[in-house]
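Below, each chain spelled out in residue letters.
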Amino acid sequence: MRGSDRSAIFFTPAGRVLPLVAFVLVWQAASATKWLDPAFLPPPTAVATALFDLLRGSEIRDNLLVTLMRAAIGLVLGAAAGVWLGLMMARSVVFRAYVAPIVGGTYSLPKSALIPLFILWFGIGTVTTVCAVFLACLLPMIVNTFQGVASTPKVLVWGAEALGTSRRDMLLRIFLPHALPDIFTGLRIALGFSFVLAISSEMIASTNGIGKLIFMYGENGAYDYMFAAIACIVIVAFLADRFMLLVTRRYLRWHESAVAREAA
């Protein structure tokens, strides 16, 4: 087999699973030889058994639905507000002068550090988690939308203005289509943040949700069930990311960036 043929194997769906299979086998072997203490890091077989047990009941399902609901609300609100603010920043110098320092100052701030403040304001529950997710999703959407709109070629803008295009049509036919690749990139980043912040917030400021479930299993020493719950949310997050890629390819078929995303 030629070198190019061998490397092509790793770009097939089966080839992409090979590193994960190798990792699980090494993990199982390390547990079987007692190199890893099963009491603190259960073997994959124990985690799989615990996951099967959880899936037979309603506990994992109910808590997972709560987490997904909170993450989805925060993501939708953050994405909508982020796109609007990004557009405003790109089209208004005055608005950008006021908002840009706030965005720049908070972008690198760990959003989980604000969870105690949200608890103080909104108490323990859904509102705190949604606010944490909202803020985490808002900033990447602002930055990517602004970048996409601001990078619109001037020749397109001048041509549309010369033809008498209204401000509304300029927005819908020139700026938004050109910014769509950046907006979808920001949306994919925000999707990942939504899971991270939802679970982190639930561990601290919630009585239910998959994050709280993971925390309770770990606190009680049920590490096989803890890893099973983690595996469950990892699978859901992976499927959500794949779905986001499919949506991106569907709506960006006309754009050259869709070709690059085929390899993602």
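Residues numbered from 1 in each chain as written. Predicted model: local features only at pLDDT ≥ 70, side-chain atom pairs only at ≥ 80, totals over all residues. Heavy atoms only, no water.

Draft legend 1. Summary view of the overall build of the protein. Within the protein, the regular secondary structure consists of 12 helices and zero strands. For the protein, buried positions account for 38% of its 264 residues. Looking at the protein alone, contacts between residues at least 24 apart form 71% of all its contacts between residues at least 6 apart. For the protein, the accessible area works out to roughly 15,100 Å², and carbon and sulfur atoms hold 71% of it. (Helix = DSSP H or I, 4+ residues; strand = E, 2+ residues; numbered from the N terminus. Buried < 20%, exposed > 50% of the residue type's maximum accessible area, 1.4 Å probe, protein only. Contact = heavy atoms within 4.5 Å. Areas by Shrake-Rupley, 256 points an atom, 1.4 Å probe, with all protein chains shown as cover.)

Draft legend 2. Spatial organisation of the packing of helix H6 (residues 115–122) against helix H7 (residues 126–150). At a minimum axis separation of 9 Å, H6 and H7 run at an interaxial angle of 135 degrees. One way to sum up the angle between H6 and H7 is to call them oblique. At the point where H6 passes H7, the crossing takes the right-handed sense. Facing H6, whose interface residues are Ile115, Phe118, Ile119 and Phe122, H7 presents Val127, Thr128, Cys131, Ala132 and Leu135. Looking at the contact of H6 with H7 residue by residue, the classes come out as eight nonpolar, one polar and no charged. (Axes fitted to C-alpha atoms, helices over the stretch in contact; angles between N-to-C directions. Parallel < 35°, antiparallel > 145°, perpendicular 65-115°, else oblique. Left-handed = near helix turned anticlockwise from the far one by under 90°. Nonpolar A, V, L, I, M, F, W, Y, C, P; charged D, E, K, R; others polar.)

Draft legend 3. How the structure looks around the pattern of salt bridges. Summed over all chains, the structure comprises five salt bridges. A salt bridge links Arg70 to Glu202; its shortest N-O distance comes to 3.0 Å. Residue Arg70 is located in helix H4 (residues 59–91), and its partner Glu202 is located in helix H9 (residues 167–205); the two are separated by 132 residues in the primary sequence. Glu202 carries the same exposure label as Arg70, and that label is buried. Linked by salt bridges that have partners in common, Arg188, Asp241 and Arg242 make up one network. (Salt bridge = Lys/Arg side-chain N within 4 Å of Asp/Glu carboxyl O.)

Draft legend 4. Representation of a nonpolar patch on the surface. Together, Val17, Leu20, Val21, Phe23, Val24 and Leu25 make up a nonpolar patch on the protein surface, roughly 540 Å² of accessible area in all. Structurally, the position occupied by Leu20 is in helix H2 (residues 13–32). For Leu20, a relative accessible area of 54% translates into the label exposed. (Patch = residues over 30% accessible without salt bridge, like charges linked within 9 Å, V, L, I, M, F, W, Y side chains within 5 Å.)

Draft legend 5. Representation of the nonpolar core in the model. If you look at the biggest cluster of nonpolar residues, it comprises 51 residues, and the most contacted ones within it are Ile60, Met141, Leu187 and Ile210. Counting residues per element, the ones that place at least two in this core are helix H3 (44–56), H4, H6, H7, helix H8 (154–162), H9, helix H10 (210–219) and helix H11 (223–251). Per-element accounting of this core gives the leading share, 14 residues, to H9. Apart from the residues lying within four places of it in its own chain, the contact partners of Ile60 are Leu54, Leu55, Ile210, Leu213, Ala229 and Cys232. (Core = buried A, V, L, I, M, F, W, Y, C linked by side-chain atoms within 4.5 Å.)

Draft legend 6. A look at the side chain of Ser194. Its place among the elements puts Ser194 in helix H9. Among residues more than four places away in sequence, those in contact with Ser194 are Ala71, Leu75, Val133 and Cys137.

Draft legend 7. Summary view of the confidence of the model for the protein. Per-chain confidence: the protein averages 82 in pLDDT, with 88% of residues scoring 70 or above. Helix H12 (residues 257–261) is the least confidently modelled element of the protein, averaging 47 in pLDDT, while H4 averages 92, the highest of any element. (pLDDT = per-residue confidence, 0-100.)

Draft legend 8. Inspection of the packing of H4 against H10 at higher detail. Axis separation between H4 and H10 bottoms out at 7 Å; the angle between their running directions is 130 degrees. Regarding the angle of H4 to H10, the classification is oblique. Along its contact with H4, which presents Glu59, Ile60, Asn63 and Thr67, the element H10 presents Ile210, Gly211, Leu213 and Tyr217. Looking at the contact of H4 with H10 residue by residue, the class counts come to four nonpolar, three polar and one charged.

Draft legend 9. View of the packing of aromatic side chains. Under the definition given, this model contains five aromatic pairs. On the basis of an interplanar angle of 35 degrees and a centroid distance of 6.3 Å, the ring pair of Phe118 and Phe122 is categorised as tilted. Here the residue Phe118 and the residue Phe122 both occupy positions in helix H6, the gap between them amounting to four residues, near one helical turn. Relative to Tyr225, the ring of Tyr217 has its centre 5.7 Å away and its plane inclined at 45 degrees; by these criteria the two rings are tilted. (Phe/Tyr/Trp six-rings, centres within 6.5 Å; stacked < 30°, edge-to-face > 60°.)

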